[in-house]
Amino acid sequence: MAISLSVVLLLAVILVMLIRNGSIKGGPAVVAVLFGFFLASTGMAPSINRFLSSLADSINSINF
C-alpha cells in the first residue's frame, strides 16, 4: 500500500510539472488519467501491479 501510494503521488507530481511546463496540455493529461483509471479496473491490473512490485523490490535490493 505504501509503495502504490507513493507511486501515485510521484506520478501526480510529474503530471502537474508536465502541465505547468507546457510539455503536455490539459486535454491529453485528462485522457492519460482516465486511461490509468480504467486500466486499473481491467484484468491486466494484477499483472501490472506484480510487475511494479517486483521492480520496486529489485530497486530496493540494490546496495551501493
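On a predicted model such as this, the values are computed, not experimentally measured, just so you know.

## Quick word on the overall build of the protein chain
Thought 1: In terms of regular secondary structure, the protein chain is built from 3 helices and 0 strands.
Thought 2: Mapped in sequence order, the helices and strands of the protein chain form the string α-α-α.
Thought 3: Here the C-alpha atoms of the protein chain give a radius of gyration of 14 Å, more than 25% beyond the 11 Å that 2.2 N^0.38 yields for 64 residues.
Thought 4: By residue count, 2% of the 64 residues in the protein chain fall in the buried class.

## What to know about the layout of surface pockets
Thought 1: Taken as a whole, the largest pocket spans an internal volume of roughly 800 Å³.
Thought 2: For the lining of the largest pocket, the elements supplying multiple residues, two or more each, are helix H1 (2-21), helix H2 (26-39) and helix H3 (45-60).
Thought 3: Ranked by residues supplied to the lining of the largest pocket, first place goes to H3 with 8 residues.
Thought 4: Counted by class, the lining of the largest pocket contains 17 nonpolar, 4 polar and no charged residues.

## Quick look at a nonpolar patch on the surface
Thought 1: There is a patch of nonpolar side chains on the surface, built from Phe 51, Leu 52, Leu 55, Ile 59, Ile 62 and Phe 64 and spanning about 720 Å² of accessible area.
Thought 2: Turning to its location among the elements, Phe 51 is positioned in helix H3.

## Examining the confidence of the model for the protein chain
Thought 1: Averaged over every residue, the pLDDT of the protein chain is 84; the share at 70 or more is 92%.
Thought 2: Of all helices and strands in the protein chain, the one with the weakest mean pLDDT is H1 (79), whereas H3 scores best (88).

Definitions and cut-offs
Residues numbered from 1 in each chain as written. Predicted model: local features only at pLDDT ≥ 70, side-chain atom pairs only at ≥ 80, totals over all residues. Heavy atoms only, no water. Helix = DSSP H or I, 4+ residues; strand = E, 2+ residues; numbered from the N terminus. Rg over C-alpha atoms; globule rule 2.2 N^0.38 Å. Buried < 20%, exposed > 50% of the residue type's maximum accessible area, 1.4 Å probe, protein only. 1 Å grid on protein atoms, 1.4 Å probe; cavity = no way out; pocket = protein on both sides within 12 Å on 5 of 7 lines; lining within 4 Å. Points joined across faces, edges and corners; volume = space filled by probe spheres on them. Nonpolar A, V, L, I, M, F, W, Y, C, P; charged D, E, K, R; others polar. Patch = residues over 30% accessible without salt bridge, like charges linked within 9 Å, V, L, I, M, F, W, Y side chains within 5 Å. Areas by Shrake-Rupley, 256 points an atom, 1.4 Å probe, with all protein chains shown as cover. Salt bridge = Lys/Arg side-chain N within 4 Å of Asp/Glu carboxyl O. pLDDT = per-residue confidence, 0-100.

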